[in-house]
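Fold and geometry: a report
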Amino acid sequence: MGETTMAVRVKGARRTFAAELAPVRALRGVDLEVAQGEFVAVMGPSGCGKSTLLNVIAGLDVVDEGTVEVAGERVDGREDDWLARFRRHHVGFVFQFFNLLDGVSALDNLVMPGLLAGMRRRAAESRARDLLDLLGLGERAQQLPSVLSGGQRQRLAIARALVNAPTLLLADEPTGALDSEGGLEVLELFRRLHDDGQTIIMVTHSPEVAAGASRAILMRDGRVA
Ligand SMILES: Nc1ncnc2c1ncn2[C@@H]1O[C@H](COP(=O)(O)OP(=O)(O)O)[C@@H](O)[C@H]1O
Ligand SMILES: [Mg+2]
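Residues numbered from 1 in each chain as written. Chains lettered and ligands numbered in written order. Predicted model: local features only at pLDDT ≥ 70, side-chain atom pairs only at ≥ 80, totals over all residues.

Thoughts on the UniProt feature "domain: ABC transporter" (unreviewed entry) in the protein
Note the cut-off: UniProt positions are given in the numbering used here, feature names are shortened, and annotations may be inferred rather than shown by experiment. For the purposes of this entry, the term helix denotes a DSSP run of H or I that reaches at least four residues, the term strand denotes a run of E that reaches at least two, and both are numbered from the N terminus.
Mapped onto the present numbering, the UniProt feature "domain: ABC transporter" (unreviewed entry) falls on residues 8-225. Between the end C-alpha atoms of residues 8-225 there is a gap of 18 Å, over a span that is 36% helix and 26% strand.

Right, dumping it as C-alpha cells:
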C-alpha cells in the first residue's frame, strides 16, 4: 500500500543471449516505470534492446536478473502456463508485420482470441463486431486480411490485441511496414485509444509517431538513456 500501482515497473532488468562469438547483452540494467494510462514511445538505434524490453514486459521472454511487474504482479520467474494466462488477460501485442491469420475473415481473426480466453462464441462475436465498428472496419468483417490495405490490416491487428481488454497494449514498430498514410491512420488510432485511457508502450523509429505519445524514452546499448 502507499505506492501507486504502476501499469509497468521494470527494475534492473538484464537479458543476455548466447551467441557464437560473444554473448549479446541485450538488456544491461533497464529501469522503467509506466503509469496507468500513459502512452510511452520507445526509441533508439537498431539492436539497442527495444524489442527485448517489450518481450520481457509481455512475458514472451524472461529476464536473467532484475524484476518486471505488470499491474502490480511480478512477471519474472513465472512458469510458462502462468505466463500464457497472463498474456491472454493482460497484454495485447501488435507487431510490425501484423501476424494476422490470413486464411480467415477479419471477424474470425478477432473471434479466435476471445474463444481462447474462454468467451462463449456469441459473446466473442459480439465483442469482435464492436471492435471492428470502433476501428472503422465494420464493413470489412467478412473479408480476408489479404484484401485490406496495410493500414486496415494493422488496425485489424490492433483490434485483435484489444479483444481481451488488456491492461497493456504493446506495439513493436507498428507503423514500420506502412506507407505514410497507413502510418498516420494507425497513429491516429493509438492516440484515440490513449485518450480513452489505454496504457500503451510503442517502439518506433519515427519522430512523428513518438511526438504523438505522452512521453518518449531513448534506449542505447541495452539501457534507458
Ligand atoms: N533470441 C535472440 N538470440 C540471440 N540474440 C538476440 C535475440 N534477440 C535479440 N538478440 C540480440 O539482442 C540485441 C538486441 O535486440 P533487439 O531487442 O531485437 O533490438 P532492437 O529491437 O532495439 O533492434 C541485438 O544485438 C540482437 O541481435
Ligand atoms: Mg526490434
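Here's the deal with the sheet that holds strand E4 (residues 65-70)
The test is simple: One bridge is not enough; two strands pair if DSSP finds at least two bridges between them. Two residues form a contact once the distance between their C-beta atoms, set from the backbone, is within 7 Å. Whenever a helix is involved, its axis is fitted only over the stretch in contact; in every case the axis is a line through C-alpha atoms, and angles between N-to-C directions fall within 0 to 180 degrees.
Strand order in this open sheet of four strands is E2-E1-E4-E5, and the pairing throughout is antiparallel. With partners counted over all chains shown, the strands left at the sheet margins are strand E2 (24-34) and strand E5 (73-74), one partner each. In this sheet, E4 lies alongside strand E1 (residues 8-17) in antiparallel orientation, the contact comprising five bridges. Paired with Val8 across the two strands is Val70, which belongs to E4. Those strands touched by helix H1 (residues 50-58) are E1, E2 and E4, and its axis lies near 120° from that of E1.

Observations concerning the sheet that holds strand E9 (residues 215-220)
In space, the six strands of this open sheet follow the order E6-E7-E8-E3-E9-E10, with mixed pairing throughout. Two strands bound the open sheet, and with one partner strand each, they are strand E6 (91-94) and strand E10 (223-224). Summarising the sheet, E6 and strand E7 (residues 168-172) pair through four bridges and their orientation is parallel. Bridging from a neighbouring strand, Phe93 pairs with Leu170 of E7.

Here's the deal with the site of ligand 1
Inclusion rule: By definition, a residue lies near a molecule or strand provided its backbone-derived C-beta atom is within 6 Å of it. When residues are grouped by polarity, Ala, Val, Leu, Ile, Met, Phe, Trp, Tyr, Cys and Pro land in nonpolar, Asp, Glu, Lys and Arg in charged, and all others, Gly among them, in polar.
Around ligand 1 sit Phe17, Ala19, Val24, Ala26, Gly44, Ser46, Gly47, Cys48, Gly49, Lys50, Ser51 and Thr52, and those are all the residues in its vicinity. Those elements that provide at least two residues to the shell around ligand 1 are E2 and H1. Of all the elements, H1 adds the most residues to the shell around ligand 1, at three residues. Taken together, the residues that form the shell around ligand 1 break down as five nonpolar, six polar and one charged.

A few points about the pairing of E4
Judged from the two bridges that link them, E4 and E5 form a sheet pairing that is antiparallel. Looking at E5, one finds that Val70 is bridged to Glu73. Linkage of E4 to E5, two consecutive antiparallel strands, is achieved through a turn of two residues, within which Ala71 is found at a positive phi near 50°.

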